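Working through the structure, step by step
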Protein chains: 2
Amino acid sequence: MILKSQVEWALHCCAILAGLPEGRYLSTKALAEFHGLPKEYLSKALQSLSQAGLVHTTLGPSGGYRLAKAPAELTFLEIVEAVEGRSRTFVCTNIRANNPCRAPGYCEETPCAVARIMWEADEAWRDKLRSVRLSDLIEILSQEIPSDLLKRSFAWVLERAG
Amino acid sequence: MILKSQVEWALHCCAILAGLPEGRYLSTKALAEFHGLPKEYLSKALQSLSQAGLVHTTLGPSGGYRLAKAPAELTFLEIVEAVEGRSRTFVCTNIRANNPCRAPGYCEETPCAVARIMWEADEAWRDKLRSVRLSDLIEILSQEIPSDLLKRSFAWVLERAG
DNA sequence: ATATTAAGGATAACAAATATCCCTATTTTT
DNA sequence: AAAAATAGGGATATTTGTTATCCTTAATAT
């Protein structure tokens, strides 16, 4: 049970977009080059972000992506779910219904207790991701990454931002 | 990102094994029939539980499985990890290392901040599963399942327990 | 002896993730 | 007006992982 690699890509791309000046856009090409990712496939992840309304896009030269809201208003959960979907990790196939001892026609309405417990764990995972905002990541990165690398990366992005 | 169906099977099987009288064993065949599952494939899940040391086995007629510890000492996490493995849901491919602006030879030692956050969510998921014991599930089931169905199921299992 | 069991190797069928290619409509730049 | 660059998305491989079955072996109870 592993998350799609596009989740990782989307998170890193959002971190870059968070540093983009107001009103400017960064293309798939630039984001792919910056992260060393296949452009066509990364495009799918960015489309997911777009469909979820997390980023705005423009066409044409100097077109690309920018965040649709402030980094402080964008949670990890939103980004992860945009790419990975909102389905639970545990799927209940209701095997208790196969119990040969059950009364004929007996079919429970309430979800299986096993499933409920597993879903609570899923919720704990979501709660954690919902509690972290993109701005939290930016703050950590700005402390951890050497300032010269930060500056050069910022300049690199600005050169390519339409 | 979906858990293996064997996780569901293992949890339900452990719930049945928890009701087994001391010193008795239940076979793959019986567990598969009770849950309406393919015997050969369910066998793989039970082997995982065995390799993890969560169940004991015996061979020959009247052989099968029993829990290796009391239901109060067996957590959901142990069962889930026995089948699903202990790997994290988020895999960091360290794409930050592809940053064209990084200094040559510059290679960070610390894990990527994105990965650390995602791993914290994984830990929250694990923490929740670690907090639930098999005995908790048994208690819920004994309250929710009609007592006549419980009795018949118990008798069904006892008939087949070696 | 015989029948039954767990364990595990080999392999096939199926589904999902990963990746690439190509076409279209739109928008900026020239 | 023409050209170039962009997002969006459909089609389609390729690769990997899950699901499932079959078969052999060693151990054990009857």
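The structure this text deals with has already been given above.
An account of the accompanying structure is given in this report.

Parameters and conventions
- Residues numbered from 1 in each chain as written.
- Chains lettered and ligands numbered in written order.
- Predicted model: local features only at pLDDT ≥ 70, side-chain atom pairs only at ≥ 80, totals over all residues.
- Heavy atoms only, no water.
- Helix = DSSP H or I, 4+ residues; strand = E, 2+ residues; numbered from the N terminus.
- Buried < 20%, exposed > 50% of the residue type's maximum accessible area, 1.4 Å probe, protein only.
- Contact = heavy atoms within 4.5 Å.
- Least-squares fit on C-alpha atoms with pLDDT ≥ 70 in both.
- Near = heavy atom within 4 Å.
- Polar contact = N/O pair within 3.5 Å; in protein donor to acceptor, adjacent residues only side chain to side chain.
- Nonpolar A, V, L, I, M, F, W, Y, C, P; charged D, E, K, R; others polar.
- Axes fitted to C-alpha atoms, helices over the stretch in contact; angles between N-to-C directions.
- Left-handed = near helix turned anticlockwise from the far one by under 90°.
- Core = buried A, V, L, I, M, F, W, Y, C linked by side-chain atoms within 4.5 Å.

Some remarks on the environment of B:Leu3
Structurally, the position occupied by B:Leu3 is in the segment before helix 1 (5-17). For B:Leu3, a relative accessible area of 7% translates into the label buried. The contact partners of B:Leu3, leaving out residues within four places of it in the chain, are A:Met1, A:Thr89, A:Phe90, A:Met118, B:Glu84 and B:Trp125.

With respect to the relation of the copies chain A and chain B
Least-squares fitting of chain A to chain B yields an RMSD of 0.0 Å, with the superposition described by an axial translation of 0.0 Å and a rotation of 180 degrees. Considering both components of the superposition, the chain copies are consistent with a two-fold axis. The residues that chain A uses at the interface reappear at the interface of chain B in 100% of cases, marking a shared surface.

A word on the protein's contact with DNA strand C
B:Lys44, B:Ser50, B:Gln51, B:Leu59 and B:Tyr65 are the nearest of the 26 residues found near DNA strand C. For DNA strand C, the backbone portion of the atoms within 4 Å of the protein, that is sugar and phosphate, comes to 61%. The separation between a phosphate oxygen of DNA strand C and a polar main-chain atom of B:Thr28 is 3.0 Å. Within the side chain of B:Thr57, one N or O atom sits 3.5 Å away from a phosphate oxygen of DNA strand C. Of all the elements in the fold, those that place two or more residues in the surface near DNA strand C are helix 1 (5-17) and helix 3 (39-51) of chain A together with helix 3 (39-51), strand 1 (55-58) and strand 2 (64-67) of chain B. Top element by residues in the surface near DNA strand C is helix 3 of chain B. It accounts for four residues. Looking at the surface near DNA strand C residue by residue, the class counts come to nine nonpolar, 13 polar and four charged.

Considering the packing of helix 3 of chain B against helix 4 (residues 76-84) of chain B
The description of two helices packed together rests on the angle between their axes and the distance between the axes. All names here are of chain B. The interhelical angle for the contact between helix 3 and helix 4, taken along N-to-C directions, is 115 degrees, at an axis separation of 8 Å. In terms of crossing hand, the pair formed by helix 3 and helix 4 is right-handed. Contacts between helix 3 and helix 4 involve Ala45, Ser48 and Leu49 from the first element and Ile79, Ala82 and Val83 from the second. Residue composition of the contact of helix 3 with helix 4, grouped by class: five nonpolar, one polar and no charged.

Here we look at the nonpolar core
Core analysis: the biggest nonpolar cluster contains 108 residues, and A:Leu49, A:Met118, B:Leu49 and B:Met118 have the highest contact counts within it. Beyond its immediate stretch of four places on either side in the chain, B:Met118 contacts A:Leu3, A:Val7, A:Leu11, A:Phe76, A:Val80, A:Trp125, A:Leu129 and B:Phe90.

Coordinates in, geometry out; function isn't part of it.
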